Amino acid sequence: MNKIAGLLIVISSLMTAQQQVSLSDCEEAFQKNNLELLAEQYNINMADADILQAKIWELPQLSGQINAYNPQDHKVFDVGHAKGAQITQLIYMGGKKKNEIAFAKSSKELAQLQFSQLLVDLRAQLRTTYYNLYYEKLKLENTDRQLGYMNDLLAAYKVQSAKGNVSLKDEVRLQSVVIQLNNDKIGINKNILEFEQNLKVLTGITDDLEPTLSDSEAKDILAAQPFGDETELQKKALENNADYQYNLKLIDNSKLYAQWQKSLNVPDLNLGAGWDQNGGTFKNEVNLMVGIPLPLWKSNKGNVEKAGFAIQQNQKNADFQKLNLETRVQAAYKTWKTQYEQLSGIKSEDINNMETVYNGMLSNFRKGNVSLIEFVDFMDSYRETALQIYDMKNGIMQSAEQLNQLVQTKIFY
């Protein structure tokens, strides 16, 4: 009785470790728990800190002086007769602070675009991994169903082969089918473990995940059509793709940086006031102090030239990203369209007919109406076709997600 109770506890714990999740559940957990996304958020916070720092002026400087030695009265530290104090403040000229703040704000916009792109990339990775896991689970279910029948059949043939009622050659033929199915199962299980691991990292959910995508939901996703043709999708991608927008914003950012560097060539003003007890023309005199560097040469000339080259470089990079994005959208659209048309050529009746023939072959083989060679050939063909159909459906979802990742706006209906 205790053994039975212990077994039930083990089974219960295994069942609870398997968590059924919808795609929306995964996306919600991803938003809350993804460590890479949470870490990237700090770049925006640091950019806010850079803006705050850019607004801060240099601290005023206070200095003082006292007498170290009075040669007239031969006194050391004659503080009572000779001392003074000054206070100075650096005054930025040429709009330095304004340009520095503008550059810092632009850098924050870049950090936000980087965050947006990472969010898009990780969400696309989440969705594609979810679909991969969903179809691998279906492939495993189909393979297990075939294995269940073929293992029973092989066991029966081994008994009959030992009695001499069937040839060893027939047993080996069945054994080859079982080996191939087991090999398929090993590959499928390996993929499932990999996809589950990726999904756990993306969502922060530690339990094994079981996709709950229904057949109707999968059919709706497969039947979805994009708005417009590849030209329209390219246009939308250029308007919405965060990675491309980042490269465009980088041009503005480098222009603001160049403007800031140019303003650094303008000499700053040191303004202050000083008091001297006996060292000046008058006793206890108060003086206005003004200091400015002599602009004999441009002290920041090299950085200005470097900033100018950065503008040209970022412009070329933006041109490249534009071409790259357009070609990637074009390729993704053609890939989706090709896969969609291929799957559309397979009607639901064809799949139903394949299942009907499969069940018929099993039944007729049991009755002896189908030879072993015909049966094995059909089973091998059915095994490959079933896996290919799952891969075709998954391929459509993967290419659709790639389009979504590139265009970054709603394009399917």
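Just above sits the structure.
Conventions and cut-offs
- The residue numbering used here restarts from 1 in each chain and proceeds along that chain's sequence as written.
- In view of the model being predicted, local features appear only for residues whose pLDDT reaches at least 70, and side-chain atom pairs are presented and counted only at 80 or more, with totals across whole chains, interfaces and linings using the full set of residues.
- Calculation of side-chain values draws on the structure's entire complement of heavy atoms; hydrogens and water are dropped beforehand.
- Strands are runs of DSSP state E lasting at least 2 residues, helices are runs of H or I lasting at least 4, and numbering of each runs from the N terminus.
- For each residue, the accessible area found with a 1.4 Å probe, counting protein chains only, is set against the maximum for its type, and the residue is called buried under 20%, exposed over 50%, and partly exposed in between.
- We call two residues in contact whenever any of their non-hydrogen atoms come within 4.5 Å of each other.
- In short, Shrake-Rupley with a 1.4 Å probe defines the accessible areas, and a residue's cover is counted only from the protein chains shown.
- The positive count covers Lys and Arg only, the negative count covers Asp and Glu only, and His and the chain ends enter neither.
- Every charge is mapped onto a representative atom, which is NZ of Lys, CZ of Arg, CG of Asp or CD of Glu.
- Lines fitted to C-alpha atoms define the axes here, with helix axes fitted over just the stretch in contact, and angles between the N-to-C directions of these axes take values from 0 to 180 degrees.
- For classification, angles of less than 35 degrees are called roughly parallel, those exceeding 145 degrees roughly antiparallel, those between 65 and 115 degrees roughly perpendicular, and all remaining angles oblique.
- Helix crossings fall into two classes, left-handed where the near helix is turned counterclockwise from the far one by less than a right angle and right-handed where it is turned clockwise.
- Each residue receives one of three labels: charged for Asp, Glu, Lys and Arg, nonpolar for Ala, Val, Leu, Ile, Met, Phe, Trp, Tyr, Cys and Pro, and polar for the others, Gly being one of them.
- For our purposes a nonpolar core is just a set of buried Ala, Val, Leu, Ile, Met, Phe, Trp, Tyr and Cys residues, chained together by side-chain atoms within 4.5 Å.
- In this scheme Phe, Tyr and Trp rings, the latter by its six-membered ring, pair at centre separations within 6.5 Å, and the angle between planes marks the pair as stacked below 30 degrees, edge-to-face above 60, and tilted otherwise.
- Given the number of residues in a helix, its expected span is that number minus one, multiplied by 1.5 Å.
- For this analysis, a polar contact is any N or O atom pair within 3.5 Å, provided that within protein one partner can donate a hydrogen and the other can accept it, and provided that sequence-adjacent residues contribute only side-chain to side-chain pairs.
- Pairing between strands is defined by DSSP: at least two bridges between them are needed.
- Take a side-chain nitrogen of Lys or Arg and a carboxyl oxygen of Asp or Glu: if they are within 4 Å of each other, that pair is a salt bridge.

> Would you mind going over the overall build of the chain in detail, with residue names and values included?
When helices and strands are tallied, the chain shows 11 helices and 8 strands. C-alpha extents for the chain along the principal axes are approximately 135 × 65 × 35 Å. For the chain, with 413 residues in total, the buried portion stands at 36%. Long-range contacts, defined as pairs at least 24 residues apart, comprise 80% of the intrachain contacts of the chain with a sequence gap of at least 6. With an accessible surface of roughly 24,300 Å², the chain has 55% of that area assigned to carbon and sulfur atoms. Computed over 43 positive and 50 negative side-chain charges, the separation of the two mean positions in the chain equals 3 Å.

> Describe the packing of helix α7 (residues 230-240) against helix α9 (residues 301-344), and please don't skip the residues or the numbers.
Each pair of packed helices can be summarised by the angle the axes make with each other and by the distance between the axes. Running from amino to carboxyl end, α7 crosses α9 at an angle of 140°, the nearest separation of the two axes being 9 Å. Here α7 is positioned oblique relative to α9, judged by the angle of their axes. For the pair α7 and α9, the sense of crossing is right-handed. In this structure, α7 uses Glu 230, Leu 233, Gln 234, Ala 237 and Leu 238 to contact α9, whose residues at the interface are Lys 322, Leu 325, Glu 326, Val 329, Gln 330, Tyr 333 and Lys 334. Its residues assigned to classes, the contact of α7 with α9 shows 6 nonpolar, 2 polar and 4 charged.

> Tell me what's going on with the environment of Asn 99, and back it up with residues and numbers.
For Asn 99, the location among the structural elements is in helix α4 (residues 96-163). Among the residues examined, Asn 99 registers a relative accessible area of 7% and is labelled buried. Those residues in contact with Asn 99, other than ones at most four positions away along the chain, are Gly 94, Gln 259, Trp 260 and Ser 263.

> Tell me about the nonpolar core, and name the residues and values.
Tyr 130 and Leu 403 are the most contacted members of the largest nonpolar core, which totals 51 residues. Within the residue set of this core, elements represented by two or more residues are α2 (23-33), α3 (35-54), α4, α5 (168-203), α6 (215-223), α7, α9 and α11 (372-407). Looking at this core element by element, the count peaks at 12 residues for α4. Every residue in contact with Tyr 130, bar those within four places of it in the chain, is listed here: Val 21, Ser 22, Leu 23, Cys 26, Leu 199, Pro 211, Thr 212 and Leu 213. Tyr 149, Leu 174, Phe 365 and Phe 375 belong to the second-largest nonpolar core, a separate cluster that totals 23 residues.

> Give a description of the packing of aromatic side chains that names residues and reports values.
This model, assessed by the stated rule, comprises 14 aromatic pairs. Aromatic side chains Trp 336 and Phe 412 sit 6.0 Å apart centroid to centroid with 65° between the ring planes, which places their arrangement in the edge-to-face category. With Trp 336 in helix α9 and Phe 412 in the segment after α11, the pair connects residues that are 76 residues apart, well separated along the chain. Residue class for Trp 336 comes out buried when judged on its relative accessible area of 4%.

> Talk me through the packing of α5 against α11; I want residue IDs and the actual numbers.
Where α5 meets α11, the axes come as close as 10 Å, and the angle between the chain directions of the two elements is 10°. One way to sum up the angle between α5 and α11 is to call them roughly parallel. Listed contacts from α11 to Asp 170, Arg 173, Leu 174, Val 177, Gln 180, Leu 181, Asp 184 and Ile 188 of α5 are Leu 372, Ile 373, Val 376, Arg 383 and Leu 387. For the contact of α5 with α11, the per-class residue count stands at 8 nonpolar, 1 polar and 4 charged.

> If you had to explain helix α8 (residues 242-263) to someone new, which residues and values would you point to?
The end-to-end C-alpha distance of α8, which contains 22 residues, comes to 31 Å, matching closely the 32 Å that a straight helix rising 1.5 Å per residue would cover. Burial in α8 covers these residues: Ala 242, Tyr 244, Tyr 246, Asn 247, Leu 250, Ile 251, Asn 253, Ser 254, Ala 258, Trp 260, Gln 261 and Ser 263. Considering only its buried residues, α8 is in contact with α4, α7 and α9. Two or three places before Asp 243, at the start of α8, stands the capping residue Asn 241, its side-chain oxygen 3.1 Å from that residue's backbone nitrogen.

> Tell me what's going on with the side chain of Thr 129, and back it up with residues and numbers.
By secondary structure assignment, the location of Thr 129 is in helix α4. Taking the relative accessible area as the measure of exposure, Thr 129 reaches 5% and is therefore buried. For Thr 129, the contacting residues outside a window of four places in its chain are Phe 195, Asn 198, Leu 199 and Leu 202.

> I'd like to hear about the pairing of strand β5 (residues 83-91), residue by residue, with values.
Across 6 bridges, the pairing between strand β2 (residues 61-66) and β5 is antiparallel. From the neighbouring strand, Ser 63 faces β5, where its bridge partner is Gln 86. Strand direction decides the pairing type here: β5 and strand β7 (residues 269-276), joined by 8 bridges, are antiparallel. Opposite Gly 84, over in β7, you have Asp 276 as the bridge partner.

> I'd like a description of the environment of Lys 306, backed by residues and values.
Tracing the sequence through the fold places Lys 306 in helix α9. The class for Lys 306 is exposed, based on a relative accessible area of 61%. Sequence separation between Lys 306 and Ala 258 is 48 residues, and the spatial gap between their C-alpha atoms is 8.3 Å.

> So, the pattern of salt bridges: which residues are in play, and what are the values?
Taken as a whole and judged by the stated rule, the model has 19 salt bridges. The shortest N-O distance in the salt bridge between Glu 28 and Lys 32 comes to 3.4 Å. Placement of the pair is Glu 28 and Lys 32 together in helix α2, with a separation of 4 residues, close to one helical turn. Asp 144 is the partner of Lys 185 in a salt bridge, and the nearest nitrogen-oxygen pair spans 2.9 Å. Remark: Asp 144 occurs in helix α4 and Lys 185 occurs in helix α5; sequence separation between them is 41 residues.

> Lay out unusual backbone geometry with the relevant residues and their values.
The backbone of Asn 284 shows a phi angle near 50°, a positive value even though the residue is not glycine. On the secondary structure map, Asn 284 appears in the loop between β7 and β8 (285-291). Judged by its relative accessible area of 45%, Asn 284 is partly exposed. The backbone of Gln 408 sits at a positive phi, close to 60°, despite the residue not being glycine. For Gln 408, the position within the fold is in the segment after α11. Judged by relative accessible area, which is 18%, Gln 408 ranks as buried.

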